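# Structure assessment
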Amino acid sequence: MITTELPDLDGFVEHHGIRITALGDDGEVLVALGHHKPRTAVIAFRAALHDRFGSTLADWGDFHTPRDVEEALRLRWAVLLTACGTCDGVRDCWACRDIRDASWWMDYAATEPVPAGFPVTILTA
Ligand SMILES: [Zn+2]
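Residues numbered from 1 in each chain as written. Predicted model: local features only at pLDDT ≥ 70, side-chain atom pairs only at ≥ 80, totals over all residues.

## Describing the overall build of the chain
- Broken down by element type, the chain carries four helices and six strands.
- Secondary structure elements of the chain occur, N-terminal to C-terminal, as β-β-β-α-α-α-β-α-β-β.
- Here the chain has a C-alpha radius of gyration of 15 Å; the compact-globule value for 125 residues is 14 Å, and the two agree.
- C-alpha extents for the chain along the principal axes are approximately 50 × 30 × 25 Å.
- For the chain, with 125 residues in total, the buried portion stands at 22%.
- Summarising the internal contacts of the chain: among those between residues at least 6 apart in sequence, 65% fall at separations of at least 24. (Helix = DSSP H or I, 4+ residues; strand = E, 2+ residues; numbered from the N terminus. Rg over C-alpha atoms; globule rule 2.2 N^0.38 Å. Buried ≥ 20, exposed ≤ 12 C-beta atoms within 10 Å, placed from the backbone. Contact = placed C-beta atoms within 7 Å.)

## Some remarks on unusual backbone geometry
- The phi angle at His-16 is positive, at roughly 50°, despite the residue not being glycine.
- Non-glycine residue Ala-116 carries a positive phi angle of around 65°.
- When you line up the elements, Ala-116 lands in the loop between strand S5 (106–110) and strand S6 (118–124).

## Things to note about the environment of Cys-87
- Assignment of secondary structure puts Cys-87 in the loop between strand S4 (74–80) and helix H4 (94–101).
- Setting aside residues no more than four positions away along its own chain, Cys-87 makes contact with Cys-93, Ala-95 and Cys-96.

## Some remarks on the nonpolar core
- Core analysis: the biggest nonpolar cluster contains 22 residues, and Ile-20, Leu-30, Ala-32, Ala-44 and Phe-45 have the highest contact counts within it.
- When residues in this core are grouped by element, the largest group, six residues, is from helix H1 (residues 38–53).
- Apart from the residues lying within four places of it in its own chain, the contact partners of Ala-32 are Ile-18, Arg-19, Ile-20, Ala-41, Ala-44, Phe-45, Val-120 and Thr-121. (Core = buried A, V, L, I, M, F, W, Y, C linked by C-beta atoms within 7 Å.)

## Some thoughts on the environment of Thr-65
- Here Thr-65 is to be found in the loop between helix H2 (57–61) and helix H3 (66–72).
- By the C-beta count within 10 Å, which is 11 here, Thr-65 ends up exposed.

## Re H1
- For H1, which comprises 16 residues, the first-to-last C-alpha distance of 22 Å matches the rise-based estimate of 22 Å (1.5 Å per residue) to within 8%.
- The complete set of buried residues in H1 reads Ala-41, Val-42, Ala-44, Phe-45, Ala-48 and Leu-49.
- Those residues of H1 hidden inside the fold are in contact with strand S1 (13–15), strand S2 (18–23), strand S3 (29–33), H2, H3 and S6.
- The positive-phi residue at the C-terminal boundary of H1 is Gly-54, with phi of around 60°. (Expected span 1.5 Å × (residues − 1).)

## What to know about the sheet that holds S1
- Ordered by their spatial adjacency, six strands build an open sheet running S1-S2-S3-S6-S4-S5, and the pairing between neighbours is antiparallel. Bordering the open sheet on either side are S1 and S5, each of which pairs with just one other strand. Strand-to-strand twist of the sheet, defined as the mean angle between neighbouring strand axes without regard to direction, takes the value 40°.
- Bridge count between S4 and S6: five bridges; the pairing is antiparallel. (Pairing = 2+ DSSP bridges. Axes fitted to C-alpha atoms, helices over the stretch in contact; angles between N-to-C directions.)

Pasting the structure below:
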């Protein structure tokens, strides 16, 4: 089943009507729930960086024009994971443990709709 319903996940904060969070050890990946028009996404990501990190698109990702950002945006389909998917699930794999311990864990690599997937807009510094 393909669903486009957006999940309610801890850690996402709304900026200009778009729920956004930062992932990665240094917050180097911004994830917005939903697929958004480039101009809308740029405005929301800019606000998220300002509000959460006191940063700018230029400082965070070396993006100096809205066009730089628009070209870096990626529309993906995300799924929530409950296991790493690469181990045998029997041994106590560190990746599975991290996933279990987290509020949620997301794989956002898919470029096409996937079962139980939901749309996300990604910006990587
Ligand atoms: Zn595992």
